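# Close look at the chain arrangement
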Amino acid sequence: MSKLEEEIDIKASGDVVWDHLHKVEDYPRFVGGVREARREGASGIHMDLDAGGGMTSGIDADTADLRPNETMTWRTTEAPHMSGSVSLLPLDANRTKLQVRMDYDPAEAHDAFGGPKGFAQSSAIERTVREDLHQFKDLVEGAHPTKK
């Protein structure tokens with residue numbers, strides 16, 4: 001298993017960031033490769049992913065709020081087996097640090113999503129997660145601009 005840890009500071013309060021994390025229908029706006037996302041049941045999420053060549057594939061995950069407004073965990077229900085957490089740390093009243101932790105098997109990720117193999121696969125996933133975090137930051141800050 002490979003481990004990934006990334007973080008980003010967002011100019012918004014923790015409750016605003018938390019609310020955006022739980023707007024599953026907005027995932028296509030900031031998660032690379034996601035065409036559509038929806039809730040399934042109390043804790044499930046289904047995402048339709050761009051599989052290349054105009055094709056889509058689906059992935060299901062279960063989520064849990066370990067500490068409301070602080071930590072959300074997730075895990076896929078089938079291959080590729082991935083799991084992780086998203087934690088929020090208040091920096092002050094209008095700034096929040098968002099931390100992402102993820103465990104995944106690069107070989108399973110390659111089999112499911114294609115792309116490079118081995119270390120190059122891990123690098124591609126890390127780059128994608130960093131880009132997703134920046135898109136999420138832009139989404140939140142654009143919806144809730146802070147006053148100077």
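Everything quoted here is computed from the prediction, not taken from an experiment.

### Side note on the side chain of Ser87
By the element assignment, Ser87 lies in strand E6 (residues 82–92). At 3.3 Å, the side chain of Ser87 forms a polar contact with the side chain of Thr71. Other than its neighbours up to four places away in sequence, Ser87 contacts Glu70, Thr71, Lys97, Leu98, Gln99 and Arg101.

### Things to note about the nonpolar core
If you look at the biggest cluster of nonpolar residues, it comprises 33 residues, and the most contacted ones within it are Ile10, Val17, Tyr27, Met47, Leu98 and Phe136. With six residues, helix H4 (residues 119–143) is the single largest residue contributor to this core. Beyond its immediate stretch of four places on either side in the chain, Val17 contacts Ile10, Ala12, Leu88, Thr96, Leu98, Phe136 and Val140.

### Points about the pairing of strand E5 (residues 71–76)
Regular strands place side chains that alternate from one sheet face to the opposite one. Here six bridges tie strand E4 (residues 55–67) to E5, and the two strands are oriented antiparallel to one another. For Ala61, the partnering residue across the bridge sits in E5 and is Thr76. Between the antiparallel neighbours E4 and E5 lie three residues, among them Asn69 with a positive phi of about 65 degrees. The sheet contact formed by E5 and E6 spans five bridges and is antiparallel.

Reading the values: rules and limits
Residues numbered from 1 in each chain as written. Predicted model: local features only at pLDDT ≥ 70, side-chain atom pairs only at ≥ 80, totals over all residues. Heavy atoms only, no water. Helix = DSSP H or I, 4+ residues; strand = E, 2+ residues; numbered from the N terminus. Polar contact = N/O pair within 3.5 Å; in protein donor to acceptor, adjacent residues only side chain to side chain. Contact = heavy atoms within 4.5 Å. Core = buried A, V, L, I, M, F, W, Y, C linked by side-chain atoms within 4.5 Å. Buried < 20%, exposed > 50% of the residue type's maximum accessible area, 1.4 Å probe, protein only. Pairing = 2+ DSSP bridges.

So far we have only geometry, and geometry alone does not tell us how the molecule works.
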